[in-house]
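# A closer look at the structure
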There are 2 protein chains.
Amino acid sequence: MADPQPQPRNTGAHVVYGELKRQILSLELKPGERIYEPAMATALQVSRTPLREAIRRLISESLLEQQATGGVIVPVLDQTAISELYDVRAALESLMAREACANATEADLEELRGIVARNAALVEFADEAMKYGVALHAAIARIAGNSWAQRFHEQIASQVERYRYFTNNAPERRDEALANHRLLVDAIASKDAEKAAKVAFDHVIGARDETLRVISSTGLVIE
Amino acid sequence: MADPQPQPRNTGAHVVYGELKRQILSLELKPGERIYEPAMATALQVSRTPLREAIRRLISESLLEQQATGGVIVPVLDQTAISELYDVRAALESLMAREACANATEADLEELRGIVARNAALVEFADEAMKYGVALHAAIARIAGNSWAQRFHEQIASQVERYRYFTNNAPERRDEALANHRLLVDAIASKDAEKAAKVAFDHVIGARDETLRVISSTGLVIE
DNA sequence: AGAAGTGTACTTGTATACAAGTATCCAACT
DNA sequence: AGTTGGATACTTGTATACAAGTACACTTCT
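Residues numbered from 1 in each chain as written. Chains lettered and ligands numbered in written order. Predicted model: local features only at pLDDT ≥ 70, side-chain atom pairs only at ≥ 80, totals over all residues. Heavy atoms only, no water.

### Some details on the protein's contact with DNA strand C
- By nearness alone, 16 residues border DNA strand C, and A:Arg52, B:Thr11, B:Gly12, B:Ser47 and B:Thr49 come closest of all.
- Here, DNA strand C places atoms within 4 Å of the protein, and 59% of those atoms are sugar or phosphate.
- Within the side chain of B:Ser47, an N or O atom sits 2.7 Å from a phosphate oxygen of DNA strand C.
- Elements that contribute at least two residues to the surface near DNA strand C include exactly β1 (34-35), α2 (37-44) and α3 (48-60) of chain A together with α1 (12-25) and α3 (48-60) of chain B.
- Examining the composition of the surface near DNA strand C, we find that 3 residues originate from one element, α3(A), more than from any other.
- A class-by-class count of the residues in the surface near DNA strand C yields 6 nonpolar, 4 polar and 6 charged. (Near = heavy atom within 4 Å. Polar contact = N/O pair within 3.5 Å; in protein donor to acceptor, adjacent residues only side chain to side chain. Helix = DSSP H or I, 4+ residues; strand = E, 2+ residues; numbered from the N terminus. Nonpolar A, V, L, I, M, F, W, Y, C, P; charged D, E, K, R; others polar.)

Structure representation (structure tokens):
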């Protein structure tokens, strides 16, 4: 919704963009792998022109990386990036929580409470719990109504997606997240912007530390 | 430095990108104006291919706008956007101030103090004062070392640049900014992350409100 | 054998030709 | 006169052909 291309005019470049993005986020295209235009173009059944357009767009989102030598590669996964990403995400979600305080109507609050309630009911199921966590953040973003914050947040979310394989979903983590979500919605309901901002910030920082802990224990991510 | 294209390999598309960006930020290309590829290509002495590459990149930075009908226009100036931009900027600068607290060496602090001192000495000259304000933020961004925050901050700065014509530089505003800068550097020096974050946030919010006040009084920006 | 130089194959960047879709303007008809 | 239809000119999207630069491998010379 905050996307620069409001309605994806069904052009070949857009299709290719979506397909490439999917392959990158799912790690189907392996980190460090180089993209050769002619081969990729034939693989995707288009000419180099729309493919290049898609590649350039992905580079601008750092989902591909232009190398100094001239080649284009899928960015490698590294631990520093995760920390930076979560920090920026914390700042953005904190801001959106703050702005949601100013804008939330009673209907909005009901929506938020409903999401948390469903989250609570399904907290024992990892994937469901995560889905409602995402839904809550999306709802807050919508209520906040800051298109730039939303847009940057979406870019951050795409980046984090690549590391999803490494994030765990331990039950105690889900309980903690649920508690934070309750606190957050309460703060928004009471129009306490400072508190909402702080709760959102600390919540994401907590997720960051947990993710870093898990990743360093597996030792799978390089650099 | 946080740019997706590390070294601008001297390709035509990059030159065109820089030139178009310059024209957009300086309002040489007027807000609302449509870009026709063939005409612009001949004007810039390149073919449509590198021009399109530059246009797409500018669209991804919201310095150009793809319309639903298919045309590309220079985005119009609107007051809501300013408010959103400053809010996100506040969140990002707040984060960078926080992270600068954790990372700043004694040499870094000396650099910050030096910038503020020069700012103080030249506070009566509007353009110089602004230059040092920018330098301070740039130094803090470097010290914070969060490439994503830097990158988003640069995009925000580009956007705000288009509204520069409307921002005033009243002497009392400059004094206030200088005072805030002193507070900010002191907070960073004392490693008080929470305070630094709050000072940076409030500082930018203050600038936002002042800018909005000036713009609404001139009544020049539309929509 | 090792190093250097040359040639070949392949990469990306650019120009141009072509196709498809859209708006505009004029004319003809109701 | 207003509206509708069609033809034309122009837009963007795509494919392909071409140019320039780079890396690699092979050969040759010391």
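### Examining the pattern of salt bridges
- Under the defined criterion, the tally for this structure stands at 40 salt bridges over all chains.
- For A:Arg98, the salt bridge is made with A:Glu194, and the minimal N-O distance between the two is 2.8 Å. Remark: A:Glu194 occurs in helix α9 (residues 193-218) and A:Arg98 occurs in helix α4 (residues 79-103); sequence separation between them is 96 residues.
- Across the salt bridge formed by B:Glu111 and B:Arg142, the nearest N and O atoms sit 2.6 Å from each other. Note that B:Glu111 is positioned in helix α5 (residues 106-121) and B:Arg142 in helix α6 (residues 126-144), a separation of 31 residues in sequence.
- By relative accessible area, B:Arg142 is classed as partly exposed at 40%.
- Connected through salt bridges with shared partners, the residues A:Glu37, A:Arg48, A:Arg52, A:Arg56 and B:Glu53 form a single ionic network. (Salt bridge = Lys/Arg side-chain N within 4 Å of Asp/Glu carboxyl O. Buried < 20%, exposed > 50% of the residue type's maximum accessible area, 1.4 Å probe, protein only.)

### Some details on the packing of helix α4 (residues 79-103) of chain B against helix α8 (residues 171-189) of chain B
Residue and element names in this part refer to chain B.
- In the contact formed by α4 and α8, the axes pass within 8 Å of each other and the chain directions differ by 40 degrees. Considering the angle they form, α4 stands oblique to α8. Counting all contacts with α4, which are made through Ala 97, Ala 100 and Cys 101, the residues of α8 involved are Leu 184, Ala 187 and Ile 188.
- Its residues assigned to classes, the contact of α4 with α8 comprises 6 nonpolar, no polar and no charged. (Axes fitted to C-alpha atoms, helices over the stretch in contact; angles between N-to-C directions. Parallel < 35°, antiparallel > 145°, perpendicular 65-115°, else oblique. Contact = heavy atoms within 4.5 Å.)

### Quick word on the interface of chain B and chain A
- Residue-level contacts link 36 residues of chain B with 36 residues of chain A.
- Both faces considered, chain B and chain A share a buried interface measuring about 3,200 Å² in area, 56% of it formed by carbon and sulfur atoms.
- Run the count over chain B and chain A and you get 4 salt bridges.
- Residue B:Arg56 pairs with A:Glu53 through a salt bridge whose shortest N-O separation is 3.3 Å.
- Taken together, the links from chain B to chain A amount to 13 residue pairs in polar contact (both at pLDDT 80 or more). (Buried area = accessible area lost by both parts, 1.4 Å probe.)

### What to know about the domain arrangement of chain A
Residues and elements named next belong to chain A.
- Its domain assignment divides chain A into domain 1 (12-73) and domain 2 (79-218).
- The gap between the C-alpha centroids of domain 1 and domain 2 is 30 Å.
- Contact with domain 1, which involves 9 residues of that partner, is made by 5 residues of domain 2.
- Of the roughly 610 Å² buried where domain 1 meets domain 2, counting both sides, 55% is carbon and sulfur surface.
- Scanning the region where domain 1 abuts domain 2 turns up 0 salt bridges.
- Our enumeration of links across domain 1 and domain 2 arrives at 2 residue pairs in polar contact (both at pLDDT 80 or more).
- The leading source of residues in the side of domain 1 that touches domain 2 is helix α1 (residues 12-25), at 3 residues.
- Looking at the side of domain 1 that touches domain 2 residue by residue, the class counts come to 5 nonpolar, 2 polar and 2 charged. (Domains from an automatic or database assignment.)

### Points about the sheet that holds β1(A)
All names here are of chain A.
- Taking strand neighbours across the sheet as the criterion, the 3 strands line up as β1-β3-β2 in an open arrangement whose pairing is antiparallel. Edge positions in the sheet fall to β1 and β2 (65-66), since each has one partner strand and no second.
- Two elements, β1 and strand β3 (residues 72-73), share 2 bridges in a ladder whose sense is antiparallel. Its bridge partner lying in β3, Ile 35 is registered against Val 72. (Pairing = 2+ DSSP bridges.)

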